[in-house]
Amino acid sequence: TSILFKAPAVATSKLLPVVSQRVLLFTRKICLSNAMATEVCCSSGSPSNNSNSGSGSIVTDSGVRNYITGSGKGRGLVLIHDIFGLDIGQTRQFADDLAAKAEATVVMPDLFHGGEAWSLARFPPPDKTEFGNWLSTTANADKAVKAILDQTVPLLKQRINPSAKLALLGFCWGAKPAMLLAAAAASPFACAASAHPAFLTADLVRAVRMPIALLPASDDPDMQKLLEELRDQPFYSRCVHRRYDGVSHGFCAARGDRNDAKQMEKILDARDTLAKFFIDNA
């Protein structure tokens, strides 16, 4: 019988420093190459910002800006933005829609810590070396993982019931820190998902310890093969894979056009698929 992941029954304030240390040790051991979907991430689609501020609010905590939306007390979601950051209207709107559908509170932190999100005007990146340096510094996945554990989780837990479970959703670049957290021992999360994932490897997916959902776009690589790495795990039957043909990488976030009816149909389907996954597992 499959058993849902449960965080250890200890105070969050005592757990997080220990978990953070374990995650950082884990990331040094696992293969962290950026092979899976890197080219699509760096070249596909036409990113834009529809300047919709969303129905949530910006809350600054410990010097970090967070977009917070939803009022569900029984479920908490951490949304990890893509390389374009948390000020993209389409990304905020998806967070709003998902919070309502999953009856959850969603927190999307600024994981670039005041650094510059990658500019829409400089996409595709004209200098791959410069982009690689930006990924390893401003968008460093290890730093993102630590920030989520040390800052985002405590902030989220203040806004939900003490017994509520936590889940993760990463867009594009955000898939990597999401799966690192899903692979960590004593992770405070019950499940993790990614829409149009990038920077994933078979080694990383093979290491996860909880149900995951992968929602690639039509130009993303085949990710069903990645899920097959978990076939022998007791939670495999609760994992989800759904490919979205007819839309490009990033369609749920900066590369999605919410004024296009066909794209909006796919966006809402992704929202519904993720909401069901989170309701079933968190």
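On a predicted model such as this, the values are computed, not experimentally measured, just so you know.

A. Just the overall build of the protein chain, in detail. Within the protein chain, the secondary structure is distributed over 9 helices and 8 strands. Buried positions account for 55% of the 282 residues belonging to the protein chain. Pairs at least 24 residues apart make up 77% of the contacts formed inside the protein chain by residues separated by at least 6 positions. With the model as given, the accessible surface of the protein chain reaches about 11,400 Å², and the carbon-plus-sulfur share is 49%.

B. Just the sheet that holds strand β6 (residues 191-195), in detail. Spatial ordering of the open sheet is given by β1-β2-β4-β3-β5-β6-β7-β8, a layout of 8 strands whose pairing is mixed. Of all the strands in the sheet, the pair left with one neighbour each is β1 (57-61) and β8 (240-241). Inspection of the sheet shows β1 paired to strand β2 (residues 64-69) by 5 bridges, in the antiparallel sense. Each bridged residue has a counterpart across the sheet, and for T60 the counterpart in β2 is R65.

C. How the structure looks around the side chain of R258. Checked against the element boundaries, R258 lands in the loop between β8 and α9 (261-281). Here R258 falls in the buried class, since its relative accessible area comes to 16%. Apart from residues lying up to four places away in sequence, R258 is in contact with N50, Q90, Q93, F94, D97, M264 and I267.

What counts and what doesn't
- Residues numbered from 1 in each chain as written.
- Predicted model: local features only at pLDDT ≥ 70, side-chain atom pairs only at ≥ 80, totals over all residues.
- Heavy atoms only, no water.
- Helix = DSSP H or I, 4+ residues; strand = E, 2+ residues; numbered from the N terminus.
- Buried < 20%, exposed > 50% of the residue type's maximum accessible area, 1.4 Å probe, protein only.
- Contact = heavy atoms within 4.5 Å.
- Areas by Shrake-Rupley, 256 points an atom, 1.4 Å probe, with all protein chains shown as cover.
- Pairing = 2+ DSSP bridges.

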